[in-house]
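So the chains spell out like this:
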Amino acid sequence: MTESASGGAARDAGDRGRTTIADGVVEKIAGLAAREVVGVHAMGSGSGLSRTFGAVRDRVPGGAKSYVSRGVKAEVGEVQTALDLEIVVDYGVAIRDVARAVRLNVIAAVERMTGLEVVEVNIAVSDVKLPDEPDEEPETRLQ
């Protein structure tokens with residue numbers, strides 16, 4: 001702090017007040033960052049049927065979690081956050097390499113955008129998408 005001309009301590013205007021970041025904000029950032037990594041086929045449950053129901057639910061107004069945060073759970077404190085991600089990888093990729101790349105990308109995005117320290121990113125690989133498996137994300141008529 002610096003002393004003002006009147007003798008009191010002057011504070012930077014940007015330091016007056018508090019900023020809180022909701023868990024859902026961190027989950028969206030992490031979900032988008034994880035999807036950017038080559039080898040990540042989808043986020044969330046490995047079962048095709050679960051992904052199908054989740055995709056339909058996400059498209060219904062007022063549905064549960066948004067598409068971008070599916071498969072992501074964040075615990076956000078005042079200065080730190082911890083993340084759990086569930087991913088489906090493409091067949092043929094090195095799972096350890098994909099998980100490492102996801103972890104690095106998620107940490108970089110969350111720390112850059114929120115200023116929070118990411119203390120851990122736990123990744124669960126729940127399925128492998130085979131090349132001849134059809135995508136089970138349904139087309140929807142809802143707009």
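Structure first, text after, so check above.
Predicted model, so just to flag it, every value in this text is computed and none were measured.

Colleague: Honestly, the layout of surface pockets in this entry has me stumped. Any pointers?
Modeller: With a probe scaled to a water molecule rolled over the atoms, the places where space remains empty come into view. Volume-wise, the second largest pocket comes out at about 200 Å³. Residue lining of the second largest pocket: R18, T19, T20, I21, V76, G77, E78, V79, T114, G115 and L116, and that is the complete set.

Colleague: I tried to follow the environment of V128 on my own but got confused; where do I start?
Modeller: One can find V128 in strand β6 (residues 117-129). A sequence separation of 35 residues divides V128 from V93, and the C-alpha atoms of the two residues are 9.4 Å apart. The contact partners of V128, leaving out residues within four places of it in the chain, are V88, V89, D90, Y91 and E133.

Colleague: Explain helix α1 (residues 23-35) to me, please; I cannot follow it from the model alone.
Modeller: Look at α1: 18 Å from first C-alpha to last across 13 residues, which is about the 18 Å you get at 1.5 Å a residue. Along α1, the residues that are buried comprise V26, E27, I29, A30, G31, A33 and A34. Its buried side turned inward, α1 meets β3 (40-43), β4 (72-76), β5 (80-90) and α3 (95-114).

Cut-offs used in this document
- Residues numbered from 1 in each chain as written.
- Predicted model: local features only at pLDDT ≥ 70, side-chain atom pairs only at ≥ 80, totals over all residues.
- Heavy atoms only, no water.
- 1 Å grid on protein atoms, 1.4 Å probe; cavity = no way out; pocket = protein on both sides within 12 Å on 5 of 7 lines; lining within 4 Å.
- Points joined across faces, edges and corners; volume = space filled by probe spheres on them.
- Helix = DSSP H or I, 4+ residues; strand = E, 2+ residues; numbered from the N terminus.
- Contact = heavy atoms within 4.5 Å.
- Expected span 1.5 Å × (residues − 1).
- Buried < 20%, exposed > 50% of the residue type's maximum accessible area, 1.4 Å probe, protein only.

Interpretation note: all reported values are geometric properties and have no functional meaning in isolation.
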